[in-house]
Amino acid sequence: MDYTKVCEALLKRIAGQGGKVLTNARVTKLTPTSQWLGGRDDGGGLRGGFLVNCAGLHCDRVSELAGEKRAVRIVPFRGEYYKLKPARSIS
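The present account deals with the structure reproduced in this document. Given the structure is predicted, the values throughout are model-derived calculations rather than measurements. (Residues numbered from 1 in each chain as written. Predicted model: local features only at pLDDT ≥ 70, side-chain atom pairs only at ≥ 80, totals over all residues. Heavy atoms only, no water.)

Thoughts on the overall build of the chain
Along the chain, the regular secondary structure elements total 2 helices and 3 strands. The linear arrangement of helices and strands in the chain, starting from the amino end, is α-β-β-β-α. Considering the chain as a whole, with its 91 residues, one finds that 10% of them fall into the buried category. Taking the intrachain contacts of the chain between residues at least 6 apart in sequence as the baseline, contacts between residues at least 24 apart amount to 13%. (Helix = DSSP H or I, 4+ residues; strand = E, 2+ residues; numbered from the N terminus. Buried < 20%, exposed > 50% of the residue type's maximum accessible area, 1.4 Å probe, protein only. Contact = heavy atoms within 4.5 Å.)

Spelled out as structure tokens, the structure:
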């Protein structure tokens, strides 16, 4: 699957319905109301009918900003990585 093409297709569909996709927007506050979520990033206010949370390891924090209670918490940790000997690698 070509993830870049999937994202481009989704972006085109969202824009075709009047939506807007923002990337690299730091959200510091979300205010839930009956019709929209208002947020604030470094460049000004954000407003929308719904929020798609794609914050990766920070998605639990972003959902908490939106007023959701966290039943679980994402705890990133440092993994251990090893380099396989060429004789053991699958290639």
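Observations concerning the state of the cysteines
As enumerated under the stated definition, the model contains 0 disulfides in all. Residue C54 stays outside any disulfide, its sulfur separated by 8.6 Å from that of C7, the closest cysteine. For C54, a relative accessible area of 71% puts it in the exposed group. C59 takes part in no disulfide bond, and the closest cysteine sulfur, belonging to C54, lies 9.3 Å away. (Disulfide = S-S within 2.5 Å.)

A short note on the layout of surface pockets
Reported here for the largest pocket is a volume of approximately 1400 Å³. Forming the walls of the largest pocket are 35 residues, and the residues nearest its centre are K20, V21, L22, L51 and V52. Going through the elements one at a time, α1 (3–16), β2 (37–41), β3 (44–48) and α2 (59–65) are the ones with two or more residues in the lining of the largest pocket. Considering every element that reaches the lining of the largest pocket, the biggest residue donor is α1, with 6 residues. Class assignment for the residues of the lining of the largest pocket results in 19 nonpolar, 11 polar and 5 charged. (1 Å grid on protein atoms, 1.4 Å probe; cavity = no way out; pocket = protein on both sides within 12 Å on 5 of 7 lines; lining within 4 Å. Points joined across faces, edges and corners; volume = space filled by probe spheres on them. Nonpolar A, V, L, I, M, F, W, Y, C, P; charged D, E, K, R; others polar.)

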